[in-house]
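One-letter residues, chain by chain:
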Amino acid sequence: MKKKVYTAFICLCCAVVSLFAQERVVELTNPNESCTSIAAGKLATTDGSVMTSQTCDGTSRTWMEVVPAQNWPDTAKLDLYWDLRHTESKNDRLGVKLKGSIPQVPYTFAYLNTGYPCMNEKQLAMGETTIVGRKELRSPKGLFHIEDLQGIALQRCSTAREAVLLMGRLAEQYGYRDGGECLTVADKRELWFFEITGAGPEDMGALWVARRIPDDHVTVSANTPRISDVDFGDKDNYMYSEGLKEKARKLGYWDGKEPFKFWKVIHETGKKPFTIRDFFVLKTLAPSLNLTMDMEELPLSVKPEQNVSLADMNRLLRETYEGTEWDMTKDMMVTKKIKDKDGTERDTIYKSPLAQNWMTNDMFEFLNAQRGEKKIEKQRTISVVWCAYSFVIQCRDWLPDEVGGVCWWSEDNPGESPRVPLFAGMTDVPESFKVCGHKRYRPDAALWTYRRTNRLAQVSWGHGRKLIEPAVLSFEQKAQKAADEMPLIENKVSALIREGKKDEAQAYLTRYSFDFIYSTLRCWEEMEGQLWHKFGRGF
């Protein structure tokens, strides 16, 4: 009895502590482990789409806007500002500084301006993940952060290949001041894996390599440099910065004799070029490769043994390793006496409903202090409670751009929140998507509608998940099943485009997305009430 009460008390304390995680995200998380991106080529997916994704884990803004296409005069300049990624709304300029400008081009495409800009009207899409790299490669003289390059490429390019080359050359010309970054850049036909870092404090340029991912492969980036051997003679599948080998040798990160492995050039000495997230995704999709965490490096991409669907991508972004050897809750068991049919009491062992895989550092420290030598080994899961937003983007060449590019967007923890469709042809987003909820509690921010319910469900996750998980899946199935809404939307928009009614098609897509978003918000508000009713007399 004492053991049962003790276990329940420990788990309850851990769950309650999780309510304070939002205010302490910087303290509780490793800033070097702040995003995951999984991407798939067109022959690796079940429907032939090229897909990329991102979990933006941290305090990047959740407000967004659709920036319209625009013509520009010959004398126009593009102004670049510092720290827009941590503002509360489009008009928030607190702490924002003008850092420079570059010449504008005559015409720019419409694009979805998110914390890390992610998609344009031509079905060009990007997922981002910080890979850190060597601190000594950062240059304060540079002009661009990665989100600047993303936004510029989305405004000026229609293919992944064009975007990679533009971002690389701009960084070399005007300077790159950010840490190491990776972008998985997709269009309707190709997928590229782009890694970039500074070239040192005395060189405002950049070191970068991009590799085309084979059409029948899936790749992943999870906060560490991954590109290995560079084939400098293969211009179709590799791009790289000018003088890369010479600069790497001058900096002392390549001896000119060993094979040129880009991750060894830009990665901190002694660290492996993969994390448990990279390993888990690749091993899950290609188990027969027998990949292990003991390897020096993992393949950049793998051919999945079964083609990947949109639902598969969503599941991977929800992953907490539950049911595997890395499940942090596998030992959080309690024993309860239950009478069988003949009235005999028997001990039944089951997982405590208070157990969950989104524990904070405080929870781990408290639990492990009570467990003696049998410690819980902390794992960095793909789904995390400090996630700002996440998405999966599909680029589909058999559909008009307006409906072919669709960003399946989610705010807060991807393990608990629904995904809503944002189309390449949309012209606006709801008002609650135009404000960020990170700086303070804002009931007018969509983030907090999802977050309130999600955090409440986590207090007793074994019970809360019975509400949350079916709701998440119901919205996925509502739009994605062949017998349901998405094919009808695609056919309707395709017909309007053929008839030359682009404006009508865009208005239709915008209305549909608004209605879908409002449905999820109402659902999460209703579930919040149900959870309070369930837990009103105690957790």
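Owing to the predicted nature of the structure, the values given are computational and were not obtained by experimental measurement.

Caption draft 1: Quick peek at the packing of helix 11 (residues 446-459) against helix 12 (residues 461-480). At their nearest, the axes of helix 11 and helix 12 sit 6 Å apart, and the two run at 140° to each other. Overall, the two elements helix 11 and helix 12 adopt an arrangement that is oblique. Counted together, Thr453, Asn454, Ala457, Gln458 and Val459 of helix 11 and Trp461, Gly464 and Ile468 of helix 12 form the full contact between these two elements.

Caption draft 2: View of the packing of aromatic side chains. For the structure shown, the criterion picks out 20 aromatic pairs. When the centroid spacing of 4.8 Å and the interplanar angle of 70° are considered together, the rings of Phe232 and Tyr240 count as edge-to-face. Per residue, the accessibility class of Phe232 equals that of Tyr240, and both read buried. The interplanar angle of 70° and the centroid separation of 5.3 Å between the aromatic rings of Phe232 and Phe260 together place this pair among those described as edge-to-face. Note that Phe232 is positioned in the loop between strand 14 (218-221) and strand 15 (238-240) and Phe260 in the loop between helix 5 (244-251) and helix 6 (262-266), a separation of 28 residues in sequence. What makes Phe232 buried here is its relative accessible area of 17%. An aromatic cluster is present here, built from Phe423, Tyr450, Phe475, Tyr512, Phe516 and Trp524 joined pairwise through their rings. The ring of Trp448 carries the charged tip of Arg451 above its face, separated from the ring centre by 4.9 Å. When the ring centre of Tyr508 is taken as reference, the NZ or CZ atom of Lys492 above it lies at 5.8 Å.

Caption draft 3: Region of the structure containing helix 4 (residues 160-174). Under the 1.5 Å per step criterion, the end-to-end length of helix 4 is 21 Å for 15 residues, consistent within 8% with the ideal 21 Å. Here helix 4 has its buried residues at Ala160, Ala163, Val164, Met167, Gly168, Leu170, Ala171 and Glu172. Buried residues in helix 4 make contact with strand 10 (125-132), helix 3 (146-156), strand 11 (180-186), strand 12 (191-198), strand 13 (206-212) and strand 15. Gly175 occupies a position one or two residues after helix 4 and carries a positive phi of about 100°.

Caption draft 4: View of the layout of surface pockets. Counted as a void, the largest pocket has a volume near 730 Å³. Along the wall of the largest pocket there are 32 residues; nearest its centre are Glu65, Asp79, Leu84, Tyr111 and Asn113. For the lining of the largest pocket, the secondary structure elements donating two or more residues are strand 3 (65-67), strand 5 (77-82), strand 8 (111-113) and helix 3. Residue classes in the lining of the largest pocket are distributed as 12 nonpolar, nine polar and 11 charged.

Caption draft 5: Inspection of the sheet that holds strand 16 (residues 301-302) at higher detail. Taken in spatial order, the seven strands of this open sheet run 16-14-1-2-19-20-21, and their pairing is antiparallel. Across the chains shown, the open sheet's two edge strands, defined by having one partner strand only, are strand 16 and strand 21 (420-423). Taken together, the six bridges between strand 19 (residues 387-395) and strand 20 (residues 406-411) define a ladder with antiparallel strand orientation. What sits directly across from Val392, in strand 20, is Trp408. Helix-sheet contacts for helix 11 involve strand 19, strand 20 and strand 21, and the interaxial angle to strand 20 is about 55°.

Caption draft 6: The side chain of Arg442, seen in detail. On the secondary structure map, Arg442 appears in the loop between strand 21 and helix 11. Classification of Arg442 by relative accessible area gives buried; the value is 12%. Engagement of the side chain of Arg442 in a polar contact is seen with the side chain of Glu88, the distance being 3.4 Å. Contacts of Arg442, omitting those with residues within four sequence positions, involve Glu88, Val435, Cys436 and Trp448.

Caption draft 7: Up close: the pairing of strand 18 (residues 345-351). Where strand 17 (residues 333-339) meets strand 18, seven bridges bridge the pair, whose relative direction is antiparallel. Of the residues in strand 18, the one forming a bridge with Met333 is Lys351. Where strand 17 folds back onto strand 18 in an antiparallel hairpin, the turn is made up of five residues, including Gly343, whose phi is positive at roughly 90°.

Caption draft 8: Spotlight on the environment of Gly115. Within the secondary structure, Gly115 sits in the loop between strand 8 and strand 9 (119-120). Take Gly115: its relative accessible area is 4%, and that puts it in the buried class. A sequence separation of 420 residues divides Gly115 from Phe535, and the C-alpha atoms of the two residues are 35 Å apart. If we ignore the near neighbours within four places in the chain, the residues touching Gly115 are Arg61, Arg85, Glu147 and Tyr389.

Caption draft 9: Quick look at the packing of helix 11 against helix 14 (residues 502-535). Interhelical geometry of helix 11 versus helix 14 gives an angle of 30° and a closest axis separation of 9 Å. When the axis of helix 11 is compared with that of helix 14, the two are roughly parallel. Pair helix 11 / helix 14 crosses with left-handed handedness. The segment helix 11 lies against helix 14, with Ala446, Thr449, Tyr450, Arg452, Thr453, Asn454, Leu456 and Ala457 engaging Ile517, Thr520, Leu521, Trp524, Glu525, Met527, Glu528, Leu531, Trp532 and Phe535. A class-by-class count of the residues in the contact of helix 11 with helix 14 yields 11 nonpolar, four polar and three charged.

Caption draft 10: Main features of the environment of Arg138. Looking at the element boundaries, Arg138 is found in the loop between strand 10 and helix 3. By relative accessible area, Arg138 is classed as partly exposed at 39%. Taking the C-alpha atoms as reference points, Arg138 and Gly200, separated by 62 residues in sequence, lie 5.5 Å from one another. Every residue in contact with Arg138, bar those within four places of it in the chain, is listed here: Arg177, Asp178, Gly179, Gly200 and Pro201.

Caption draft 11: Main features of the side chain of Thr62. Take Thr62: it is sitting in the loop between strand 2 (50-57) and strand 3. When sequence neighbours within four positions are dropped, the list of residues in contact with Thr62 reads Ala388, Glu411, Phe433, Val435, Cys436, Gly437, His438 and Leu447.

Caption draft 12: Region of interest: the confidence of the model for the chain. Counting all residues, the mean pLDDT for the chain is 92, and 93% of those residues have values of 70 or more. Here residues 1-29 is modelled with pLDDT under 50, and outside its nearest four sequence neighbours on either side it reaches 44 contacts, counting other chains as well.

Caption draft 13: Here's a closer look at the pairing of strand 13. Within strand 13, six of the seven residues are buried, which leaves it mostly tucked inside the rest of the structure. Sheet analysis places strand 12 next to strand 13, joined by seven bridges and oriented antiparallel. Directly across from Thr197, in strand 13, lies its bridge partner Leu207. Examined bridge by bridge, strand 13 and strand 15 share three bridges and lie antiparallel to one another.

Cut-offs applied
Residues numbered from 1 in each chain as written. Predicted model: local features only at pLDDT ≥ 70, side-chain atom pairs only at ≥ 80, totals over all residues. Heavy atoms only, no water. Axes fitted to C-alpha atoms, helices over the stretch in contact; angles between N-to-C directions. Helix = DSSP H or I, 4+ residues; strand = E, 2+ residues; numbered from the N terminus. Parallel < 35°, antiparallel > 145°, perpendicular 65-115°, else oblique. Contact = heavy atoms within 4.5 Å. Phe/Tyr/Trp six-rings, centres within 6.5 Å; stacked < 30°, edge-to-face > 60°. Buried < 20%, exposed > 50% of the residue type's maximum accessible area, 1.4 Å probe, protein only. Lys NZ or Arg CZ within 6 Å of the ring centre and 35° of its normal. Expected span 1.5 Å × (residues − 1). 1 Å grid on protein atoms, 1.4 Å probe; cavity = no way out; pocket = protein on both sides within 12 Å on 5 of 7 lines; lining within 4 Å. Points joined across faces, edges and corners; volume = space filled by probe spheres on them. Nonpolar A, V, L, I, M, F, W, Y, C, P; charged D, E, K, R; others polar. Pairing = 2+ DSSP bridges. Polar contact = N/O pair within 3.5 Å; in protein donor to acceptor, adjacent residues only side chain to side chain. Left-handed = near helix turned anticlockwise from the far one by under 90°. pLDDT = per-residue confidence, 0-100.

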